[in-house]
Structure formats: C-alpha cells, structure tokens
Amino acid sequence: MSRAAAIGAAIVIIIIVAAAAYMVAGKGAASPTATASPTAAASPTAASPTQTASPTQAAGGSAASKPKEITIPVGLLVDLSGPTSGVGRGYARGAVAAFKYFNEKGIYTKDGVRVKLEYYERDYGYNPTRAVQYYKEFRDKYHVYAIVGWGTADTEKLSTQTAKDKILYISASYSAVLVTRPYNFFPAPDYSTQACAAVTWMAQRKPHGTLVLLYDHRVEYSKSPIPAIKAMAKKLGLKVYEVDLPLAATDADAEAAIQKAMQYHPDFLWCGNTISSCSRAAKAMAKYGLKAVMVANVWGFDERFPSLAGAPEKLANLVAGVSPWKWPEYMKDKPGYRELYEAARMLGIPEKDVNLRFMQGFINVWLLVKAIERTDSKTLLQKKGEALKEALESSCNGEPIKLGDITPPMRYCPGNHLPFRSSYIVVWNGKDFVFEGPITPKGVDCVKATLKASGG
Amino acid sequence: MPAGVFKERYSQLMAHLRYPIHWAGLVAGLALLLALPLAGSYAMSLAIDAAIFFVAAVGLAVTTGLAGQISLAQGALLGVGAYTVAKTLEFLAAHGGVPEGSALLLIPAAGLVAAAVGLLVGLPSFKLKGYYLAMASIAAQAVLMYLFQRVIDPNQGVTVPDKAMTLGGLYFGGGGAALYYLTIGVAAVMALVAANIGRSSIGRAFKAVRDNDVSASIVGIDVAKAKALAFAVGAFYAGVAGALYALYNISFGWDAFGLDTSIELLAIVLVGGASRIIWGPLLGVLLLHTGWSLLDDVVSGLPGVGLIGGADTVKYLVFGLLVAGFVVGEPDGLVGVLRRVKEYFRLWPFSY
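Cut-offs used in this document
- Residues numbered from 1 in each chain as written.
- Chains lettered and ligands numbered in written order.
- Predicted model: local features only at pLDDT ≥ 70, side-chain atom pairs only at ≥ 80, totals over all residues.
- Heavy atoms only, no water.
- 1 Å grid on protein atoms, 1.4 Å probe; cavity = no way out; pocket = protein on both sides within 12 Å on 5 of 7 lines; lining within 4 Å.
- Points joined across faces, edges and corners; volume = space filled by probe spheres on them.
- Helix = DSSP H or I, 4+ residues; strand = E, 2+ residues; numbered from the N terminus.
- Nonpolar A, V, L, I, M, F, W, Y, C, P; charged D, E, K, R; others polar.
- Disulfide = S-S within 2.5 Å.
- Buried < 20%, exposed > 50% of the residue type's maximum accessible area, 1.4 Å probe, protein only.
- Axes fitted to C-alpha atoms, helices over the stretch in contact; angles between N-to-C directions.
- Parallel < 35°, antiparallel > 145°, perpendicular 65-115°, else oblique.
- Left-handed = near helix turned anticlockwise from the far one by under 90°.
- Contact = heavy atoms within 4.5 Å.
- Core = buried A, V, L, I, M, F, W, Y, C linked by side-chain atoms within 4.5 Å.
- Domains from an automatic or database assignment.
- Salt bridge = Lys/Arg side-chain N within 4 Å of Asp/Glu carboxyl O.
- Phe/Tyr/Trp six-rings, centres within 6.5 Å; stacked < 30°, edge-to-face > 60°.
- Lys NZ or Arg CZ within 6 Å of the ring centre and 35° of its normal.
- pLDDT = per-residue confidence, 0-100.

Draft legend 1. Region of interest: empty space enclosed by the protein. One pass over the full model with this rule turns up 4 cavities of 30 Å³ or more. The volume enclosed by the largest cavity comes to roughly 490 Å³. For the lining of the largest cavity, the secondary-structure elements that each account for two or more residues are helix H5 (128-142) of chain A together with helix H3 (41-66), helix H10 (223-249), helix H11 (259-272), helix H12 (279-301) and helix H13 (311-329) of chain B. Looking at the lining of the largest cavity element by element, the count peaks at 7 residues for H5(A). Partitioning the lining of the largest cavity into residue classes produces 12 nonpolar, 8 polar and 11 charged.

Draft legend 2. A look at the state of the cysteines. Residues and elements named next belong to chain A. Counted by the stated rule, this structure contains 3 disulfides over all chains. Between Cys196 and Cys446 runs a disulfide, and the two sulfur atoms are separated by 2.1 Å. Looking along the S-S bond of the Cys196-Cys446 disulfide, the torsion reads about -120 degrees, which is the left-handed sense. Taken together, the residues Cys196 in helix H7 (residues 191-205) and Cys446 in helix H17 (residues 446-453) connect sequence positions 250 residues apart. Judged by relative accessible area, which is 0%, Cys196 ranks as buried. Residue Cys396 pairs covalently with Cys413 via a disulfide, S to S 2.1 Å. Looking along the S-S bond of the Cys396-Cys413 disulfide, the torsion reads about 90 degrees, which is the right-handed sense. Note that Cys396 is positioned in the loop between helix H16 (385-393) and strand E12 (423-428) and Cys413 in the loop between H16 and E12, a separation of 17 residues in sequence. By relative accessible area, Cys396 is classed as buried at 17%.

Draft legend 3. Quick look at the packing of helix H10 (residues 251-262) of chain A against helix H11 (residues 275-288) of chain A. Residues and elements named next belong to chain A. Across the interface, H10 lies against H11 with an axial gap of 8 Å and an inter-helix angle of 60 degrees. By the angle between their axes, H10 is oblique relative to H11. Note on packing geometry: the crossing formed by H10 with H11 is right-handed. Side by side, H10 and H11 meet where Asp251, Ala254, Glu255, Ile258, Gln259 and Met262 of the first sit next to Arg280, Ala281, Lys283, Ala284, Met285, Lys287 and Tyr288 of the second.

Draft legend 4. The environment of Lys110(A), seen in detail. Residue and element names in this part refer to chain A. Checked against the element boundaries, Lys110 lands in the loop between strand E2 (107-108) and strand E3 (114-123). A sequence separation of 264 residues divides Lys110 from Arg374, and the C-alpha atoms of the two residues are 5.9 Å apart. What Lys110 contacts, discounting residues up to four positions off in sequence, is Glu373, Arg374, Thr375 and Asp376.

Draft legend 5. Structural context of the nonpolar core. By size, the foremost hydrophobic cluster in this structure holds 154 residues, and its most contacted members are Leu214(A), Leu269(A), Trp270(A), Met294(A), Trp299(A), Trp325(A) and Leu368(A). When residues of this core are assigned to their parent elements, the largest contribution, 12 residues, is made by helix H14 (residues 356-373) of chain A. Counting contributing residues, this core receives three or more from each of domain 1 (37-189 + 330-393) and domain 2 (191-323 + 421-453) of chain A. Counting residues in hydrophobic clusters, the runner-up holds 98 residues, among them Ala50(B), Ala76(B), Phe172(B) and Val335(B).

Draft legend 6. Layout of the pattern of salt bridges. For the structure on display, the rule yields 29 salt bridges over all chains. Arg339(B) serves as the salt-bridge partner of Asp332(B), at 3.6 Å between the closest nitrogen and oxygen. Judged by relative accessible area, Asp332(B) falls into the partly exposed class, the value being 29%. Taken together, the shared-partner salt bridges in this structure form one network comprising Arg93(A), Lys352(A) and Asp353(A).

Draft legend 7. Representation of the packing of aromatic side chains within the structure. Within the structure shown, the criterion is met by 37 aromatic pairs over all chains. Between Tyr174(A) and Tyr191(A), the aromatic rings sit 5.6 Å apart at their centres with planes inclined by 55 degrees, giving tilted as the arrangement. Of this pair, Tyr174(A) sits in the loop between strand E5 (168-170) and strand E6 (184-185) while Tyr191(A) sits in helix H7, and the two are 17 residues apart along the sequence. Accessibility assignment for this pair places Tyr174(A) and Tyr191(A) in one class, buried. On the basis of an interplanar angle of 65 degrees and a centroid distance of 5.4 Å, the ring pair of Tyr245(B) and Phe257(B) is categorised as edge-to-face. With Tyr245(B) in helix H10 and Phe257(B) in the loop between strand E4 (251-252) and H11, the pair connects residues that are 12 residues apart, well separated along the chain. Phe257(B) matches Tyr245(B) in its accessibility class, with the two residues each being buried. An aromatic cluster is built from Tyr91(A), Trp150(A), Tyr174(A), Phe186(A), Tyr191(A), Tyr221(A), Trp299(A) and Trp325(A), whose rings are joined through pairwise contacts. Looking at Lys136(A), its charged tip hangs above the ring of Tyr248(B), at a distance of 3.5 Å from the centre. One residue, Lys389(A), lies across the ring of Tyr183(A), its end atom 5.3 Å from the ring centre.

Draft legend 8. Just the confidence of the model for chain A, in detail. When pLDDT is averaged along chain A, the result is 82, and 85% of the positions lie at 70 or above. For the stretch residues 26-63 of chain A, pLDDT sits under 50, and the model shows 57 contacts to residues farther than four places along the chain or on other chains.

Draft legend 9. Geometry of the packing of H5(A) against helix H6 (residues 152-165) of chain A. Residue and element names in this part refer to chain A. Closest axis-to-axis distance for the H5/H6 pair is 9 Å, and the angle between their directions is 25 degrees. Taken together, the axes of H5 and H6 lie roughly parallel to each other. Every pair of crossing elements has a handedness; the one defined by H5 and H6 is right-handed. Mapping the contact onto sequence places Pro128, Ala131, Val132, Tyr135 and Arg139 in H5 and Ala153, Asp154, Lys157, Leu158, Gln161, Thr162 and Asp165 in H6. Of the residues in the contact of H5 with H6, the class split is 6 nonpolar, 2 polar and 4 charged.

Here it is as structure tokens:
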C-alpha cells in the first residue's frame, strides 16, 4: 500500500473511533433523519436526547408541581427477518400503529397529565442473544419504562432481568412460565391454557382419539404447551404421539413430518409452530389425503392459512386454530375493534391488513396504555416500570381491564398474570372461518402442568 | 528518539514497556478504563462485552495466529465455559445451596474444563492441516452445539443465581461497575499471560510448528504436544471468556455459541491481525464487535432491512467483505495498517 492509502486508513480509523465515542455518549443513537423530523415521538426510531431526558428532570427537580406532559421511552422488540417473521411483521405493524394512534389520540394518567410514548423499534431476527443485546440497549441507553416484546425464549430468558430492573414487559409470547413472573404481562391466556382448550375441543369431537403433536423440538415457543397438552390428553383419554417439525420448515420437512404422523393414524394433529411451518404441514396433509383435523397454536393459524396451504377446499373442516379473541374482520363495528380500524384509517393502512396479527400487536400496546391510564403522573415518574406493573395488578381486586370487546374483563393478580382462560377454536369450513367456543379447559391446571415440567 | 541500542540487561530488552511512549500509553489507557463507568451504564455494557470477546479472541489468536492451527470451534468452547459455571451452580443449588460468590471461583474452573474439551477438539490437528483442520473444527463445533441443545440445555435457557454472583456486598452480575472492573482485570491478566506465552519456549515452539511442522519436528520440537497445547490454551481463554459471559448475561441459552460466533471470533482475529496476539484481537474486537453494536442501532432503523433478512444479513455482508479484503489486501490486518501508519509518521515529514 502506498503512503496515501496509509493516511486514508488512518483517517478512516479516526472517524470510526470518533463516531463510536459520539454514539456511546448517546447523542447519535438514531438515524439522522429521525432526529430531524419534527414529530420525533411518532417516528419509528426517534431519539432526541432532550425528550428522553425530560421525565428524569421532572422527577428530580419538581416533585411538587405537576408536569404538563410526560414522555416515556418504550422498547419495541420484533422479528421482521427471522423464522417467525411471517407473523412478526403483522404484529410489528399493529404495535407501531398503536403507538402512533394512542400518541395522537392522547394518553392521560389518572390525574390528567398527558403521556407520550417514545418507542424504539429493534428487529432481533428471533435470535435470543440479540434480544439480550437490545434489551441492554433499551435499559442502559434509553432507560425504558416498558418493553413490548416478542418470542418465548428471549422473553423467558429476560424475565429474571426485567424483574430486577423493574421494567414492564408485555410480550407476544404467551408462555405459561411468564404467568408467574412479576413484570411480564400479556392480554391472553397462556399457550398451555389455549392448547388445553384445543384438546378439550378435540375430545368433544371424538373421545379417545389419537393426537399427534407436530412441533419443533428445539424451539422454546413450540415446546412450551406440550406438557400441558399431554396432561390434558391423559385426563380426557386421548392417545398422544410426537413428531418433530422444524419451525423454519421446508415443504420437504413438512411432508416427512406428515408421513411420519400418518403411521400413528391420527384423528387430530396439533401444530405448535408458526404459520409458515403449520400451513406447509396442512399442504402436506392435503397432498397425502390425511383426514385428520389439525389445530394450530395461535401463531400458527390466521386469515392467510387456507391460501398459504394451497387447497382451501380440500382442507375444509380439517384445519383449525386456537385464538383467545375473535378476529377483527368478523367484529368490525364492535367496541375495541373500532379502534383498530380507526388507527388503520388514520395511518393509511389498508383495511385488509387489519388482521389477527395486527390486532395482537395493537392490543399489547393498548395494555401498556391502560397501565398508564391507571396510574398517576407522580408515581409514574418516581417508580417507572414498577408503577405500570402496580397499575395493571390493581385490576386484581379493583376494576378489571377491558380492551373493548376484544377481551373479556381481565384481572392480573400478583404472582398470577393469567387475565382470562377462555379461547375460541377457529375452524376453516372451506369458505369462511367459524368461531367455536369460547372453551375454558377444566379438570387440569394447565399452567401448573407446564411449570412443573420446566422445573419452575 | 533513541538512536542506538542502549539496553544493558536482558530484562530491559525483554520488558513490555521499553520507551516513554509505552508508559504514557499505559497511564492514559488505564485512566481511560478506570474512568469509563462515568460514561454511563451503556458504555460499561459495551466495554464488558468487548472485553469478553477480547479474551476469547486472544485465545483464538494463540491457537490460530501463533500456532497456525485454524479453529472454528471457539464459539462452542465459549459455551463450554459458560455452561460449566451455570450447570455447576445448578448442581450446587440442588445439593445443599450455592455459596456466596461461587460464580467468581468458577471462572478458572470454566477455563480448565474448556481446556480439556479443547484438547479433544484439537486431536484431529495431529493428522490434519489447513482446510481439513478447519472442517474438523466445524464438526467439533456442531457436536458441541448438539450436546448443548439436546443434553446440557434442552430448555434453551439457564440462569446464574444471584447469590453466586454476590461477594462482600458487591454484585458481579449484569453490567455493573463491579463486573466491569472484574472483566477488565481478567482481560488484562489474560492478555499479559498471552503476550508472555508468545515469548516463551512454548511460544517459539508454536511459531516453529506454524511456519513448518516438519522442520519443527526435525529440530526436536514435539509437534503433537505443541498442537495439543495450542488448542488447550486457546480453549482455556474461551472458557474464561465464557464464564464472564455467563456473569454478564445472567440468563443465556445455546443460541449464543453457534457457528456464527466462531466465525465472528475468527474474523476478529484475521481482521485485527493474526500476527500480533494482543493488538490484533483488540483492534478486531473494537472494529467488528463493538463497532458493529454501534452500527447496528443505525442499520436496524433503516427501512427495508427486514426484507433482506434483517440487520444480521448486513452484518455478514460487512464481515465477509472486511475479512476478504484484509486477507487479500493486508494479511497482517489492522495491526499491519497501523504499523505502516506508524512507520510513515516516524519519518514524517522527511519520508524519502
């Protein structure tokens, strides 16, 4: 290399070091466009240091006088690129829409102080290690009060830490393990309770049938409800077999899994993965003419399922999914669902994109908004995430939380964050989805069955 | 500027700090490291993370840079260290309780366990060289990963108990100042030891094996022993780094110890400069690991990144280009670039 190249290299290194120093100081955190935009709080990666600093100043300086407006930082951890991105993108879109919608509409604490949510979105690609990295960034750099998160492995892993750091964590994972964790919340029954509802439904259709569990034996999300399913099936007299189906399955994987499942002559299949994997399994079912009824986990079944699986007619009454809520398309004018469509209209999101995934993201942020509405400004600034947690837990003996008609009245009690226990079984009849239920599993404590198996 | 050799004793010749600028650099560096916690907890987190990867990379630099034995199993060996700590504590918790501060005592133990595993990983090196050895180490990585997934940690998550990380009122978990000073201290000691390995008879044996193992055996070096030792030492470093990793993350799963981590570590060593076992990994970690963490904030925020596979895709593209560029254009890595810059300024402005 020549002398010029050496100087060039030196300059590049100096610039990198300078940039690193600048970023560590927390000034250049966001993309430059975001800082320039006037509506910083509403833009996806907004980070203007003055705003982030405002709540802490208000907390330290003027405890007596009421602040006019509080801005609180929130982390948003989503999967836009990993194996669960098929459902993760819709979720992220819903969560972002909710942040913008509620910011615009105004969130007010009990004592009437307006709260703005400043959110930081990070795509972690379903890689728990990266989730931990981003968590540290959220905590140490942005000092977030709450995180709206995603997967089971990462949420479970972080739950010890969030409890220690007192950060409210609302996840898209409804794992039973999280029910007992102090800072974890979600507006749904846990996976195990949902799966038990599915097993109850199966037993009602055909007592003493055979059930094959298709799920990824290495993925925490897929494994989560399995002990509960086994306990419930034992109670109701179903025979259970297990077959490994990768979360990132190819058609070949799915076909191999279905062929293996067919050896057991199943009446029912449980698909515990997400939609891309489960729809491939359904496709393979149609290909080999397996006449068993597949019930998929909540993340494994939505509006797109029949078209993703190909053969929508062939699969009539053979595919179904668990869902704790009715889907937006069927409930358009009902309270709660109205807000979804209003938010979509406001942000120019086409109505057809307001689907189950969008709603799941939306209601998670809504739960956070409910927490803010149930606290007062002083407590919020002083106790941050702890204030939000206490606000949600005030529903235990106080007024329950309702997200319109989307959920039944929800109560979160300290040590037991299971807000309600009923789920629908959504069956594809060849033309449309039919909601059966709601079913509340009885006879087996499904949360406990899972907790016992995971040693917690 | 010294204009001749003024060293009168052997110890002067071999001293790590020979010139005034070394002393000045040491004082400035120490001051910076000691004062870093003032810059906030995020800076501290980054520094701890960097120090952990630095230790693992120094180990790989001994194996690959000094002894020439390419290894793509360093990520899994990191895992061996981390799981040694977590699983031992789990065992203790089930059998009578966890003594206070025991996680700290397990740091060297994790290194030793990893060194034993590293010996096994290095066995194929007796017969294999170059690409074939790389393939064998990938196989070892895969086997270890399988064990993590199926046997050691089927639930994809273990937690280090708080009590094990508390000693004398100080809490060494997460990313606090106590862990920061511990990590920096361990990294400094490990670096010093590695620097001295390079100057010892063992180090010279490593270099001889690296340059030509047939000639090395002719001059009387036990090649098999040298290779095994190189793997064991490298793995020891990975194990210690893994133990620190367990303390830093508190809860972790096997996903952190995959082939991508091994590749990242090898990239750090190659881009930093495999010829210098301290400075190479240090520069490599700062550029590829910490630099990436900082860049990541920007990249993840860009629109459309999710469509091409997320920030990770961009990371691997950047990694790949950097490694390819350095291997082709500058085999000495960043160290080589800096050395040339130094030479230029030494003679400046009268270079020729």
